[in-house]
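Reading the structure
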Amino acid sequence: MSAMLEIAGLRASAGEKEILKGIDLVVQPGEVHAVMGPNGSGKSTLAQVLAGHPAYTVTAGTVRFQGADLLDLEPEERAQAGVFLAFQYPVEITGVTNAYFLRASYNAIRKAHGQEELDPMDFLDLLEQKLKLVEWDSGIMSRAVNSGFSGGEKKRNEILQMAVLEPALAILDETDSGLDIDALRIVANGVNSLRRPDRATIVVTHYQRLLDYIIPDYVHVIADGRIVKSGGRELALELEAKGYEWLTGIAEGAPA
Amino acid sequence: MSKALAEAFERFSRNGGGEGPTELLTRRREAWGRFAAAGFPSSRDEEWRFTPVSAIEKISWTPAIEPVSPPVPRELDPYRVGPPDWVSLVFVNGRYDAGLSQESGLPAGVSVEPLATALARQPALLDLTEATPFSVLNAAFARDGAVIRVAAGVEVVHPIHLLFLTTASAAAQTVQVRSLIVVEQGARAQFVESYAGLGDAASFTNAVTDVSVGAGAWVEHSRIQRESESAYHIGLTRVEQQRDSHYRSFTLAMGGAIARHDLRARLADENVETLLYGLYLGRGEQLVDNHTVIYHDRPNCRSWEVYKGVLDGKSHAVFNGKVLVTPEAQKTDAKQTNRNLLLSDGAKVDTKPQLEIFADDVRCTHGATVGRLDETAFFYLQSRGISRSAAKRLLTYAFAAEVTAEIASVPVREALDRLVVERLGGLE
């Protein structure tokens with residue numbers, strides 16, 4: 001079976017500053033990979049580079065997604081190909097309803113695949129089911145996208161989008177940050193219910209807490225732009241107990 | 001000063017200056033005299049500093065005449081608001097067209113008559129106070145428009161639409177229209193005032209609208225200016241509000257090579273609420289100017305103003321928002337916001353808030369911004385599969401929709417929303 005995602009020697013900079021200094025990672029369909037690391041290690045940058053964030057320039061290396069050159073694609077083409085990034089800081093778009101945005105997004109991806117667009121009524125039916133996954137009622141759909149949403153609501157909205165778009169590769173960028181335990185459970189349930197043998201997930205997180213709910217197959221630790229250690233789920237527990245310092249040499253004043 | 005206009009006025013006044021008593025002609029002569037003395041405003045005039053009207057001055061205008069082939073009802077469909085049975089008063093090249101209008105269905109207590117009829121009876125309706133260079137020109141020539149009176153306590157459920165159309169044959173012709181809307185004590189009413197071009201004529205519309213809002217009355221007034229992008233449009237709206245009244249205005253300006261709208265609201269008594277929303281869309285080489293003045297004459301009044309602009313191409317927008325608070329207007333609460341979105345390098349904006357406050361116990365704020373679409377928002381939409389060009393349209397629409405969302409009448413809001421979407425090239 002060919003890999004879903006193959007990252008080789010990936011280097012990326014923001015302006016003059018190099019942040020990713022040679023990342024190698026292979027993700028197979030069906031797998032969940034956790035990418036952990038201290039603040040400023042480059043883990044969120046990796047997530048954003050994979051989605052095509054314009055603030056970063058890839059200076060070396062390759063990324064192949066389902067056999068194709070991912071770096072050659074515009075952000076929207078990556079989404080159409082099946083890559084989804086759940087944002088750490090979802091953007092507020094006042095003036096556009098959540099329902100409109102989701103349908104526009106869903107239809108843009110369908111259109112890219114030569115499929116017929118869904119009309120508003122059919123889309124509402126689809127939405128009804130997806131809303132259940134994140135334990136929401138439809139009231140949220142008539143509100144402007146993320147506008148005035150609490151931190152937890154924004155993250156839940158990201159998972160709702162993911163549930164609607166059903167990506168082959170979901171990348172969660174610190175989706176757990178700022179969530180209380182109930183919101184964390186809802187977000188994790190949403191992610192877990194979308195797991196399938198032909199889909200993969202990369203969970204970028206600072207804390208092991210989320211990994212109690214979304215069980216990873218592999219855990220990678222990034223420090224200073226490189227993966228310094230990889231292992232199984234037990235690595236996350238070890239990090240929880242010992243902090244990052246023993247791996248990175250960086251003192252971590254991580255709040256508990 | 002335009003020779004053609006002078007000759008046109010001479011002909012017009014020799015023929016009696018429209019139907020009516022001598023007093024009407026006397027007023028018209030006075031108005032013309034004032035216009036002739038001052039002429040077109042120049043860039044030395046502070047009120048017109050950023051809005052050169054020399055392009056208008058250069059053209060030899062003649063008063064608009066009825067088109068040889070009048071529009072058929074079907075041609076009006078794109079300009080209608082709401083279902084066909086709603087009351088609409090249609091003017092073609094400045095003259096009332098009963099055949100195209102829908103007069104039946106007016107509730108009891110609402111009277112509507114063409115200005116020409118009203119002037120014949122009451123020449124004083126040609127009010128020359130608080131004049132502007134163009135309002136006196138209008139008073140010299142204006143023969144038609146709508147005079148609407150909503151009697152005390154009457155509720156008008158559906159908006160009344162005043163639709164001013166200019167035909168393709170109206171090149172080098174000027175349309176001078178004047179309307180008067182009176183909403184008496186405790187009445188509720190909605191009005192839509194539209195200016196549209198059928199075709200692409202370089203016509204010149206000079207419109208004056210006076211709105212009188214009685215004590216405790218509630219009025220929503222939407223003004224849609226969607227004339228041809230070759231046309232010239234100058235508009236003045238004067239509003240006077242009595243105690244406990246609520247007036248909300250929505251102004252959409254998207255047509256015209258040069259388009260200027262002055263909106264002056266006088267809060268003439270206590271506990272008045274005034275909401276002024278505006279949206280202007282410029283592209284190509286359009287020049288769109290909005291000047292607003294809010295007169296806080298009396299205590300305990302609230303004004304809330306939000307004007308937003310979307311400028312593309314080499315278009316140029318001017319916004320000037322004056323708020324005048326008299327010494328006795330204590331407890332005034334006034335907030336003014338002007339936000340501009342530039343879609344191109346060639347577009348520009350001159351924005352100027354002007355607060356003149358002579359009372360000490362007030363809350364008055366203003367803010368103006370000029371910016372571009374946010375790259376983070378672009379990326380967010382693109383990361384959801386939406387193309388950059390579709391994301392641009394959607395984000396621009398979102399920016400504009402924040403103002404249209406404030407229109408209370410749902411059918412009017414939807415009609416304006418469609419107009420904005422259409423202008424932006426559609427949404428997916």
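Residues numbered from 1 in each chain as written. Chains lettered and ligands numbered in written order. Predicted model: local features only at pLDDT ≥ 70, side-chain atom pairs only at ≥ 80, totals over all residues.

Some thoughts on helix 8 (residues 410-423) of chain B
All names here are of chain B. We count it as follows: Elements are defined by DSSP. Helices are runs of H or I of four residues or more, strands are runs of E of two residues or more, and each kind is numbered from the N terminus. Each residue after the first adds 1.5 Å to the expected span of a helix. Each residue is classified by how many other C-beta atoms fall within 10 Å of its C-beta atom, where C-beta atoms are placed from the backbone; a count of 20 or more means buried, 12 or fewer means exposed, and values in between mean partly exposed. Starting at the helix axis, one direction is taken to each C-beta atom, and the arc is that of these directions. The contact criterion used is a C-beta to C-beta distance within 7 Å, with each C-beta placed from the backbone.
Over its 14 residues, helix 8 extends 20 Å from the first C-alpha to the last, a length consistent with the 20 Å expected when each residue adds 1.5 Å. Buried residues of helix 8: Val-412, Ala-415, Leu-416, Leu-419 and Val-420, and no others. Viewed along the axis of helix 8, the buried residues span an arc of 135 degrees, placing them on a single side of the element. Facing away from the buried surface of helix 8 by more than 90 degrees, the exposed residues are Val-410, Arg-418 and Glu-422. Residues of helix 8 that are buried sit in contact with strand 8 (188-197), strand 10 (218-226), strand 12 (246-253) and helix 7 (388-404).

Observations concerning the interface of chain A and chain B
To be explicit about the condition: Classification convention: Asp, Glu, Lys, Arg as charged; Ala, Val, Leu, Ile, Met, Phe, Trp, Tyr, Cys, Pro as nonpolar; all other residues, Gly among them, as polar.
Contact residues are listed per partner, giving 22 residues for chain A and 20 residues for chain B. Contributions of two or more residues to the side of chain A that touches chain B are made by helix 2 (75-81), strand 7 (93-97) and helix 3 (98-112) of chain A. At six residues, the largest contribution of residues to the side of chain A that touches chain B is made by helix 3 of chain A. Of the residues belonging to the side of chain A that touches chain B, the class tally is 13 nonpolar, seven polar and two charged.

Quick word on the sheet that holds strand 2 (residues 88-92) of chain B
Residue and element names in this part refer to chain B. Counted only if it meets this: The pairing criterion for strands is at least two bridges between them, as found by DSSP. Axis definition: a line fit to C-alpha positions, over the contact stretch in the case of helices; interaxial angles, taken between N-to-C directions, run 0 to 180 degrees.
The strand order across the open sheet formed by 10 strands is 3-2-6-8-10-12-14-16-18-20, and the pairing between neighbours is mixed. Lying at the two open borders of the sheet, with one neighbouring strand each, are strand 3 (95-96) and strand 20 (363-371). Pairing geometry for strand 14 (residues 273-282) and strand 16 (residues 302-311), over 10 bridges, is parallel. When the bridges of strand 16 are listed, Gly-278 appears paired with Tyr-307. Along the sheet, helix 8 contacts strand 8, strand 10, strand 12 and strand 14; its crossing angle with strand 10, the most-contacted strand, is approximately 25 degrees.

Description of the packing of helix 4 (residues 120-133) of chain A against helix 5 (residues 151-165) of chain A
In a pair of packed helices, the angle between the axes and the distance between the axes together describe the arrangement. Residue and element names in this part refer to chain A. What counts, and what does not: With respect to orientation, any angle under 35 degrees is reported as roughly parallel, any angle over 145 as roughly antiparallel, any angle of 65 to 115 as roughly perpendicular, and every other angle as oblique. For a crossing to be left-handed, the near helix must be turned anticlockwise from the far one by less than a right angle; the clockwise case is right-handed.
It is at 9 Å that the axes of helix 4 and helix 5 come closest, and there the two elements cross at 135 degrees. It follows from the interaxial angle that helix 4 and helix 5 lie oblique. In this structure, helix 4 crosses over helix 5, and the sense of that crossing is right-handed. Together, Leu-127, Lys-130, Leu-131 and Leu-133 of helix 4 and Leu-160, Ala-163 and Val-164 of helix 5 make up the contact between the two elements. Grouping the amino acids of the contact of helix 4 with helix 5 by side-chain chemistry returns six nonpolar, no polar and one charged.

Considering helix 5 of chain A
Residue and element names in this part refer to chain A. Under the 1.5 Å per step criterion, the end-to-end length of helix 5 is 22 Å for 15 residues, consistent within 8% with the ideal 21 Å. Taking burial as the measure, the 15 residues of helix 5 include 12 buried ones, the bulk of the element. The complete set of buried residues in helix 5 reads Lys-154, Lys-155, Arg-156, Asn-157, Glu-158, Ile-159, Leu-160, Gln-161, Met-162, Ala-163, Val-164 and Leu-165. Residues of helix 5 that are buried sit in contact with strand 6 (83-86), helix 3, helix 4, strand 9 (169-173) and helix 6 (181-193). Looking one or two places after helix 5, you find Glu-166, whose phi comes out positive at around 45 degrees.

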